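# Examination of the molecular architecture
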Amino acid sequence: MTAKRVGILGSAFNPPTLGHLDVLDQTQELFDLILLVPSAAHAFSKQMLPFHHRVAMCQQLVKSVQFPHCQVQVSEIEHAMWTDNPEQPVYTFDLLELLERQFPGDQLGFIRGPDNASPQTWKRFYRSEDIEKRWQIFTASERQNIRSSQVRELLVSGNFDDNIKEDLAALLLPSVYEYILQHHLYQ
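Now for a look at the structure at hand. Just so it is clear, the structure is predicted and the values come from calculations on it, not from any experiment. (Residues numbered from 1 in each chain as written. Predicted model: local features only at pLDDT ≥ 70, side-chain atom pairs only at ≥ 80, totals over all residues. Heavy atoms only, no water.)

Let's shift gears to helix H1 (residues 18-27). Extensive coverage of H1 is indicated by the burial of nine of its ten residues. Taken together, the buried positions of H1 are occupied by Leu18, Gly19, His20, Leu21, Asp22, Val23, Leu24, Gln26 and Thr27. Two to three positions downstream of the cap, the backbone nitrogen of Gly19 sits 3.0 Å from a side-chain oxygen, assigning the N-cap of H1 to Thr17. (Buried < 20%, exposed > 50% of the residue type's maximum accessible area, 1.4 Å probe, protein only. Helix = DSSP H or I, 4+ residues; strand = E, 2+ residues; numbered from the N terminus. Polar contact = N/O pair within 3.5 Å; in protein donor to acceptor, adjacent residues only side chain to side chain.)

This is how it looks when you write it as structure tokens:
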């Protein structure tokens, strides 16, 4: 049996954007399976929507796109890790170590966006040097300057005129945007 190449893309996904989709597009030929792993307890103390909403939006993203070279799945593993130890954040090193046990014999790779690859951010990651030594790392290029914070700022305004809707359409998949509106998120 041939070892699978499994990519891990962790993020707050607060919400998942076309920027996240671009990272998937850049990595889809490198992996047989990519796991989207929404953060349950962010190591940098980011304020996030409840976990179930972020998982549901990631599922909307996955249902809306298909990649010919790999399968993409949403994983709730961080929530299980956090539930087992709610006093501390879930660290990338610990996540990769657990996934390595769940995918024995497969090749794990950590996918990071350009924001996390900057030296000042990357050195804040728990055991970042160990991650580099132990697992393959793929750093996505910033082909689209899209941040989840841009989406949140537009939605917080509560003003849904045509210009705001156009701006949001340039940042989100329609299915994610509809989920946000349906559940009155970020407003």
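Now, onward.
What the rule picks out here adds up to five aromatic pairs. Note on Phe93 and Trp135: the rings are 5.5 Å apart at their centroids and 70° apart in plane angle, and the pair reads as edge-to-face. With Phe93 in helix H4 (residues 92-102) and Trp135 in the loop between helix H7 (128-134) and strand S5 (136-139), this residue pair connects regions lying 42 residues apart in the sequence. Accessibility classification places Phe93 together with Trp135 in one group, the buried group. A cation over a ring is seen here: Arg112 above Trp122, with NZ or CZ 4.5 Å from the ring centre. When the ring centre of Phe93 is taken as reference, the NZ or CZ atom of Arg127 above it lies at 3.8 Å. (Phe/Tyr/Trp six-rings, centres within 6.5 Å; stacked < 30°, edge-to-face > 60°. Lys NZ or Arg CZ within 6 Å of the ring centre and 35° of its normal.)

With that settled, the discussion passes to the layout of surface pockets. Taken as a whole, the largest pocket encloses approximately 920 Å³ of empty space. What lines the largest pocket is a set of 43 residues, and nearest its centre among them are Ser11, Ala12, Lys46, Asp115 and Asn116. Mapped onto the lining of the largest pocket, the elements with two or more residues apiece are strand S1 (5-11), H1, H4, strand S4 (107-112), helix H5 (114-117) and helix H8 (148-156). Top element by residues in the lining of the largest pocket is H1. It accounts for four residues. Classifying every residue of the lining of the largest pocket by side-chain character gives 16 nonpolar, 17 polar and ten charged. (1 Å grid on protein atoms, 1.4 Å probe; cavity = no way out; pocket = protein on both sides within 12 Å on 5 of 7 lines; lining within 4 Å. Points joined across faces, edges and corners; volume = space filled by probe spheres on them. Nonpolar A, V, L, I, M, F, W, Y, C, P; charged D, E, K, R; others polar.)

Another aspect to go through is the pattern of salt bridges. Pairs may arise between side chains of opposite charge once their charged atoms sit close together. Applying the stated criterion to the full structure yields seven salt bridges. Ionic pairing is found between Arg143 and Asp22, a salt bridge with its closest N-O pair at 2.6 Å. Of this pair, Arg143 sits in the loop between S5 and H8 while Asp22 sits in helix H1; the two residues are 121 residues apart in sequence, bridging distant segments of the chain. On the basis of relative accessible area, Asp22 is assigned to the buried category, the value being 9%. Its salt-bridge partner being Arg143, residue Asp25 comes within 3.1 Å of it at the nearest N-O pair. Linking Asp25 in helix H1 with Arg143 in the loop between S5 and H8, this pair joins segments that are 118 residues apart in sequence. Taken together, the shared-partner salt bridges connect Asp22, Asp25 and Arg143 into one network. (Salt bridge = Lys/Arg side-chain N within 4 Å of Asp/Glu carboxyl O.)

Residues Asp161, Asp162, Glu166 and Asp167 make up a contiguous surface patch of negative charge. You can see Asp167 is positioned in helix H9 (residues 162-169). Accessibility expressed as a relative area gives 39% for Asp167, which makes it partly exposed. (Patch = residues over 30% accessible without salt bridge, like charges linked within 9 Å, V, L, I, M, F, W, Y side chains within 5 Å. Areas by Shrake-Rupley, 256 points an atom, 1.4 Å probe, with all protein chains shown as cover. Lys, Arg positive; Asp, Glu negative; His and termini not counted. Charge placed at Lys NZ, Arg CZ, Asp CG, Glu CD.)

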